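Geometric and topological summary
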Amino acid sequence: MKLKDVEFAPLCVPLRRRLETLAAAAWIYLVVFGGLTGWATLLYLLLATRFWWVALLYGLWIYLDRSVAWTSPNRFRFMRRLTWWTYFKNYFPVSLVKTHDLPADKSYLFAAYPHGVLCAGSFSNFATDAGQFSELFPGLTSHLITLSLHFSMPFTREIGIGLCLQESSEKSLVNLLDNKKGNVAVLMVGGVSEAFKSFPGPYHLILKKRKGFIRVALQTGASLVPVFSFGETNVYGLGEAEPNSFWEKVLKFIKWKSGNKVPVGRGFFQYSFGIVPRRHPIVTVVGKPIDVPKIAKPEKEDIEKYHNIFIDELTKLFEEHKTKYSKHPDEMELVLD
């Protein structure tokens, strides 16, 4: 039903689909507002309840336990197996494609593209057990790399620890990959800068100047693996804030990096606007591993050499699979920035 340009969801929707939408909505709330909610809850407990001492001890624990961001502890692993993540995976749906065997006798650095607004495909495939990662790559354990900020957020940090997340730092990557077997670090190389370019259309990747991950791969001897998630940039549409409008002023205030362009999702009961991602298939393709030598102090020439090799392999992966998993003509182009 459509009313004044707002398309509402049908009343008679199967319960399964309602749960899938709820899972997607809960995920976006966790990512965007989870940290703020955690801090608000902790401050409330500290300042307005008789459990202030519990909040104080927990705050102290967060500080003392800060090394969890780079030490990969075996804690709360049941979080990855929650049925909730299956509903989340099926919402889009998200799938994983294997192109080459990855023996578990070494470690791997998955350099994943595109970031998307919030990397839903990589999260589902590599931070939960809802998909086929363990079945396709037996003996490997994936660790999605994220901002260190998430490990200072009360309560939600424990969820991140259970999902095997690790902070985005050289120390964290080296700890995961150096002299280790079966570990996979999944790095969204384009980062937040690429998220601001993650709109439907040609894939804009931040790659030409991103070479730190190559250096880490050489330092640890971990094989580089290009990974591409087709459909990742389609889960949010493209909207524009009108000139001199309230929303344009808000974007300027928060120093939004995409001008007046904003991602547009859907709501829980309507499809026209909101922050919940839209249903769109996401297919994550894991490419051919690039074996690299272990060099304690790689030279600039070494980094350049394997950076160029990686670009070639990522481009080949995209060209080989784009017609299988992208249906729109404007999505057949790869733009490297």
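Residues numbered from 1 in each chain as written. Predicted model: local features only at pLDDT ≥ 70, side-chain atom pairs only at ≥ 80, totals over all residues. Heavy atoms only, no water.

The protein goes by Acyltransferase in an unreviewed UniProt entry, where it is assigned to Aphis glycines. Turning to the protein, the UniProt record has this under Sequence similarities (unreviewed entry): "Belongs to the diacylglycerol acyltransferase family." (UniProt positions renumbered as here; feature names shortened; annotations may be inferred.)

With respect to the helices, strands and loops of the structure, L165 is situated in the loop between α7 (156-162) and β6 (166-167). Accessibility expressed as a relative area gives 13% for L165, which makes it buried. Once the C-alpha coordinates of L165 and S72 are considered, the two residues, 93 residues apart in sequence, prove to be 7.9 Å apart. With residues near it in sequence (within four places) discarded, L165 still touches A127, L144, T146, F151 and G160. (Helix = DSSP H or I, 4+ residues; strand = E, 2+ residues; numbered from the N terminus. Buried < 20%, exposed > 50% of the residue type's maximum accessible area, 1.4 Å probe, protein only. Contact = heavy atoms within 4.5 Å.)

Here the domain parsing of the protein yields domain 1 (14-233 + 277-336) and domain 2 (237-272). Tallying the contact residues gives 12 residues for domain 1 and 15 residues for domain 2. Interface of domain 1 and domain 2: buried area, both sides summed, is about 1100 Å²; carbon and sulfur atoms make up 68% of it. Among the residues of domain 1 in contact with domain 2, F196, F199 and R278 are the three that bury the most area, contributing 56% of the side total. Inspection of the region where domain 1 meets domain 2 yields zero salt bridges. On inspection of domain 1 and its partner domain 2, the count reaches two residue pairs in polar contact (both at pLDDT 80 or more). The element contributing the most residues to the side of domain 1 that touches domain 2 is helix α1 (residues 15-48), with four residues. Of the residues that constitute the side of domain 1 that touches domain 2, the class distribution is eight nonpolar, one polar and three charged. (Domains from an automatic or database assignment. Buried area = accessible area lost by both parts, 1.4 Å probe. Salt bridge = Lys/Arg side-chain N within 4 Å of Asp/Glu carboxyl O. Polar contact = N/O pair within 3.5 Å; in protein donor to acceptor, adjacent residues only side chain to side chain. Nonpolar A, V, L, I, M, F, W, Y, C, P; charged D, E, K, R; others polar.)

So, about the pattern of salt bridges. Under the definition given, this model contains 14 salt bridges. The residue E170 makes a salt bridge to R215 at a minimum N-O spacing of 2.9 Å. Of this pair, E170 sits in helix α8 (residues 170-177) while R215 sits in helix α10 (residues 212-220), and the two are 45 residues apart along the sequence. Take E170: its relative accessible area is 35%, and that puts it in the partly exposed class.

Of all the residues in helix α4 (residues 83-91), the buried ones are W85, F88, K89 and Y91. Across the axial projection of α4, the buried residues extend over an arc of 155°, all falling on one side. On the buried face of α4, the contacting elements are α1, β3 (94-98) and α5 (120-126). (Arc of directions from axis to C-beta.)

The next thing to look at is the packing of aromatic side chains. Inspection of the entire model under this criterion finds 22 aromatic pairs. A centroid spacing of 5.8 Å and a plane angle of 50° characterise the contact between W27 and F123, whose relative ring orientation is tilted. Residue W27 is found in helix α1, and its partner F123 is found in helix α5; the two are separated by 96 residues along the sequence. No difference in accessibility class separates W27 from F123, as the two residues are buried. Centre to centre, the rings of Y29 and F33 are 5.5 Å apart; their planes meet at 45°, and the pair counts as tilted. Residue Y29 and its partner F33 are located together in helix α1, separated by four residues, close to a single helical turn. Residue classification places F33 among the partly exposed residues on the basis of a relative accessible area of 34%. Here the aromatic residues W27, W85, F88, Y91, F92 and F123 are joined through ring pairs into a cluster of three or more. The ring of W70 carries the charged tip of K171 above its face, separated from the ring centre by 3.6 Å. (Phe/Tyr/Trp six-rings, centres within 6.5 Å; stacked < 30°, edge-to-face > 60°. Lys NZ or Arg CZ within 6 Å of the ring centre and 35° of its normal.)

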